Each structure stands twice: as C-alpha cells, then as structure tokens.
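Chain by chain, the residues run as shown.
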Amino acid sequence: MGYFMSYSRYFITHPILFVYQLLQYVLDFILSPKPPPPHPNLVRPKIAVIGAGLTGVSAASHIVGHGFDCRIFEAGPKKNLGGIWAKVNNTSGLQIHSIMYRFHPAVHWKQGYPDRQQIVSQITSLWKRYGLESKTEFNTPVERVYKDPHGRWIINDPSHGRFEGVIAAIGTCGDPKMPTLPGQENFKGEIWHSSQLDGKSAKGKKVAIIGGGASAVEALEFVASEEAEHANVLARSEKWIIPRNPFIDMLLSMNILGSETIFSWIPEYILRIFFYRDLYDISPAPNSGKGIFTETPMVNDQVLDLIRSGKASWLRGDILGYDESGTGIRFNKRAQGVPKNGPGSEKLIEADVVIMATGYKRPSLGFLPDEVFTEPYEPPNWYLQVFPPEHPSICANNCTYVNAIGTVGNYHIGIYTRFLLMYLVDPLARPRTWWMKRWIDMTRFVKTRAPGGAFDFFTYSELLYWFVFTIAINPFRWKWALFVLCGIGKELPLSVVQQEDKARNGLGMRHIMSNHDHGED
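How each quantity is defined
Residues numbered from 1 in each chain as written. Predicted model: local features only at pLDDT ≥ 70, side-chain atom pairs only at ≥ 80, totals over all residues. Heavy atoms only, no water. Helix = DSSP H or I, 4+ residues; strand = E, 2+ residues; numbered from the N terminus. Rg over C-alpha atoms; globule rule 2.2 N^0.38 Å. Buried < 20%, exposed > 50% of the residue type's maximum accessible area, 1.4 Å probe, protein only. Contact = heavy atoms within 4.5 Å. Areas by Shrake-Rupley, 256 points an atom, 1.4 Å probe, with all protein chains shown as cover. Lys, Arg positive; Asp, Glu negative; His and termini not counted. Charge placed at Lys NZ, Arg CZ, Asp CG, Glu CD. Phe/Tyr/Trp six-rings, centres within 6.5 Å; stacked < 30°, edge-to-face > 60°. Salt bridge = Lys/Arg side-chain N within 4 Å of Asp/Glu carboxyl O. Pairing = 2+ DSSP bridges. Axes fitted to C-alpha atoms, helices over the stretch in contact; angles between N-to-C directions. Parallel < 35°, antiparallel > 145°, perpendicular 65-115°, else oblique. Left-handed = near helix turned anticlockwise from the far one by under 90°.

Okay, the overall build of the protein chain next. Per the secondary structure count, the protein chain includes 14 helices and 19 strands. Rg of the C-alpha trace for the protein chain: 25 Å, near the compact-globule value of 24 Å for 521 residues, within the 12% margin. Considered along the principal axes of its C-alpha atoms, the protein chain spans approximately 80 × 65 × 45 Å. Relative to its full complement of 521 residues, the protein chain shows a buried share of 53%. Look at the contacts in the protein chain between residues 6 or more apart in sequence, and 70% of them connect residues 24 or more apart. In the structure as shown, the protein chain presents an accessible area of about 23800 Å², 58% of it carried by carbon and sulfur atoms. For the protein chain, the centre of its 54 positive side-chain charges and the centre of its 49 negative side-chain charges are spaced 4 Å apart.

So this is what it looks like as structure tokens:
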C-alpha cells in the first residue's frame, strides 16, 4: 500500500517524468539482452573492444548479453571508466534530452537532462550488470592491431588472445587542446581549460571564453552560475544554436537526406525569427555556406538569455593575442558574414580569467592496419561510416563521427555491434569489399552537393535509413533484421545459419565455433 501511495503521489506531482520512467522500464524489459550468469560459457566469435567509455561498455554489454565473448582494452586506469564523461567537470551534463541519449536499453535516467555523475553511474552500472569487470584490462594502451596467419585479430601481441572481430570505441575526445597564444607570458590573470573548472571561482571577475562550440557553452554556464561580473565569448565563426527541446531536435534530425536541401532555409528562417529574434546577428549569415545541416549545432536555451540580460557577450572575430599590459586579449571583431581574418575593428577584451574552450584532441585510429586508410576509402568514408571496406570485421563505433544532428550516445551503438555479430557468424550476410565500396560511392553520389562531403555530416534519420537499406538490399540479411535493429530474435537466424553451414560442408559459422571447441582464445 505504501508503494502504491508513493507512486500515486509521484504520478500526480511529476506526470511527465513518471511516464518517462515507465517507458524506460518497458524498453529495458523488451530490448535489453539478458545479462550472463556468473562464469558464463560464452562462445565465439570473440571480439576485442578498444576503449572503456560509454560506447565500449555499451558494445561489450550487447556482445556478452547475446552470448558471445569479448575483451575490453582501456588505455587508462579504472577511474577512466566512462571515457570523456569520467574526465569532464562535475557541473557538466547533457545538453540534449536524455530520451536521445539511450546508449543501452538498460539505462534508467532519473531526469530529462542528467549531470555527469548520473551518466558515469549508468555506465558503471551497465559494466557491472553484464559482468564486464573480469573482461576489462585497464592500463593497456592499444598500439597495434594485426592478423595472425589464420586471419584472427591480435591486439598488441598474442598474450592477449585472438579475436574474430574488433570494435574501436576510442571516441572523438582525447586530451584537452590547450594552445598558447601570442603574448601569453604577459597576462596577469588566470588561464583555465574548459574541462578543468572544478574548484575554480569566477565570482565578480571579468571572464573571456575563447572558442565558440559546445565547450564554450558549458564554460558560459559555469561562469553564469559563479556570478561573474561579465563574460565575453570570443568565437572565430558562427555556429547554429538550437532550442533545448527534444521535439525540435527530433524534427531537425528527420532530414533523411542528411544534407542541405532547397527547403533548409525554412528551419533556419524559423530559428532566426522565433529563437534568435533580436540576436539574429550572431547566427550564421544566410548564404554563408553554414546551413543548419552542415555542422553539429549547439543545443542550449541559456546562452541567448544571458546575452540579452547583459551578463554575457558573444563576439565574432579573430584572436590577435594577449595585450602587452597583461589586462586582456586583443581581438579583431568582425561583422556577420565577414570571413576569418577578414576586416574588422580591433578592441581590447579585458579579463581577469581566460577560459580556453578549445575542445579536445581527436584520438588516433593509427593502431588499425594501414590498408584501412587508403584513399578514397579512408575514415569517415567507410561502409555505414564505421566498417572499413578492407576489413568488415572491424567496427569503429563512434570514432569516425565528424558532424551530425542526433547524438553519439543512442541505440545505434547496439545496432552497429549487432551488425558486426551478424557479419561474423553469417558468411552470406557478410559484405564483400567491392560492394562496400559501391555503397560508399553511391552515398557520395547522392550527397554530391554536401559542402563537407558525404560522410562529414549526417542526421539520425539518415543513419537509420542506412541500416534499413543495407539489410533490405541483401536477402540473406532479412532473417537478421529484427535482431540487428532491435536486439531480439537471435535464435531463428542462428539456426538457419547452422543449416546453411551443413549445406556448405561445415564452412562459415561452424569454423568459427570450432575455434572455441578446441580451446583457442
């Protein structure tokens, strides 16, 4: 009775959140693979997962949840579990709604916009739920991935075992980028990186934020919460800012072409009129080549409100360096539409604190075989953006992403993982190098007019189209459709593959399974 009253009270006081929580439990019940029992007898294929961040942990949980084996290799110590989320500020959190950040069906968000601690706790919970502690090797940087004479993958050296597949899950954010600006030795104030703001105080100070991306938005939110005197965001170029509204975000991601179209001016015009309003000058200029479907937009409501209130300014221009007096930064302020390093008016931006919102270095995929970087089929120009045509047994999950409208932390992590499993156990569903390249060429042709290239920007609906198309085009993949797209119904296609193997005199999956039977690992 007590539980009933508690849930009833919660439903009355938080009806939307209650429905959201209920939806998450339903998704978990239907779509989450069953966690393996203690000391499970997992079968091959065995997959090496490189990276223990959000993507790596999610992919590994799908692998073992479906009864296959894996090994996670993490370059850092255990405190790095969670990837970039284990390293950012405690004040960091999701800018998009968590309904678009469901990196595994078992995730249960307590709120629409969870903070860093809740995100890391969900990753850690997933890691423990699927028994991945015993399958993770920390402090193990991967320097080389190569094949043995039998065609199995080796990570660094044979002491780590042999694998049928590899998932590179190193992400897109590595170490912080901290460039040195001219005259920096003269500056009398403090210089921080936007990822290292824990324990810092900006109260009553003048703050200059260098950078105009998501890191700058996060730094501005921190400065506002610290009650700084004023903050100046110094951005070299304009980026689109869109409302923190899941319905608007989803509508924009429904552009299945994944690029600018003759109708792109409509959402851009609506954003300028109803969202930017009096601040349309800081939006990308019309006909500037910076359409809404060319770069990843920033998702935030607070930025424009802070500018309107006078607590912050968003300036477009070029950093010239620190002033000789050490009191601030010399800045060439440009008008809307004027290109980088173009004409403008030079001014001194006074600052007590400079926050370098300059992002992160991109981790290198250089440990992969050299042939996967051969032009014109180098990343991100791969099959489904993540499978190099030369090696369909490699999946660079969330590593080749450049720009998109959608999210890197959603259901596609599991879908990509199940694509790899399908390729490994079913020879007839496995793509051939020639056809993988033709799909890449076709996508390039369809997106010929895309400013940054066919694979430099995509929307989530385009990604889903890729998934459905590549399954529909091959009849031998039809039996896998429900498993690949939803994670259910594995037994039927596996039984069909086993019968096909018998018809081929034991080739394909039986060969893979025999490695496990002979005790190879």
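By the element assignment, L368 lies in the loop between β16 (353-356) and β17 (394-395). The exposure class assigned to L368 is buried, which follows from its relative accessible area of 2%.

Using the criterion set out here, one finds 23 aromatic pairs in the structure. Arranged with centres 5.9 Å apart and planes meeting at 80°, the rings of F73 and F163 form a pair that is edge-to-face. On the criterion of sequence distance, the pair formed by F73 in strand β2 (residues 68-73) and F163 in strand β6 (residues 162-163) is long-range, its members being 90 residues apart. The class of F163 is buried, set by a relative accessible area of 0%.

Overall, the coordinates contain 23 salt bridges when judged by the stated rule. Across the pair E350 and K206 runs a salt bridge, and its minimum N-O distance is 2.8 Å. Placement of the pair is E350 in strand β15 (residues 345-350) and K206 in strand β9 (residues 206-210), with a sequence separation of 144 residues. K206 gets classed as partly exposed once you look at its relative accessible area, which sits at 27%. Here D426 makes a salt bridge to K479, at a shortest N to O gap of 3.1 Å. One end of the pair, D426, is in the loop between α9 (412-425) and α10 (433-446); the other, K479, is in the loop between α11 (460-472) and α12 (481-486), with 53 residues separating them in the sequence.

Turning our attention to the sheet that holds strand β1 (residues 43-50). Taken in spatial order, the five strands make up an open sheet running β3-β2-β1-β7-β17, and their pairing is parallel. In this open sheet, the two strands that pair with only one neighbour each are β3 (136-137) and β17. Pairing of β2 with β3, which is carried by two bridges, proceeds in the parallel orientation. The residue bridging I72 from the neighbouring strand is T136, located in β3. Where helix α3 (residues 54-65) meets the sheet, it contacts β1, β2 and β7 (165-168), and its direction lies at approximately 160° from that of β2. Packed onto the sheet, α9 meets β1, β2, β7 and β17 and runs at close to 140° relative to β1.

Running from N to C, α10 and α11 point in directions that differ by 135°, and their axes come no closer than 13 Å. Between α10 and α11, the crossing angle belongs to the class labelled oblique. Of the two possible hands of crossing, α10 and α11 adopt the one that is right-handed. Along its contact with α10, which presents W439, M442 and T443, the element α11 presents W466, F469 and T470.

With that out of the way, let us pick up unusual backbone geometry. The omega torsion across R44 and P45 is 15°, close enough to zero to call that bond cis. Here P45 is to be found in strand β1. Cis geometry is found at the peptide bond from P379 to P380, where omega equals 10°. Inspection of the secondary structure puts P380 in the loop between β16 and β17. Phi at N341 takes a positive value of approximately 65°, unusual for a residue other than glycine. Relative to the helices and strands, N341 is located in the loop between β14 (328-333) and β15. Taking relative accessible area as the criterion, N341 reaches 62% and is therefore assigned exposed. You will see that Q385, though not glycine, has its phi angle at about 75°, which is positive. For Q385, the position within the fold is in the loop between β16 and β17.

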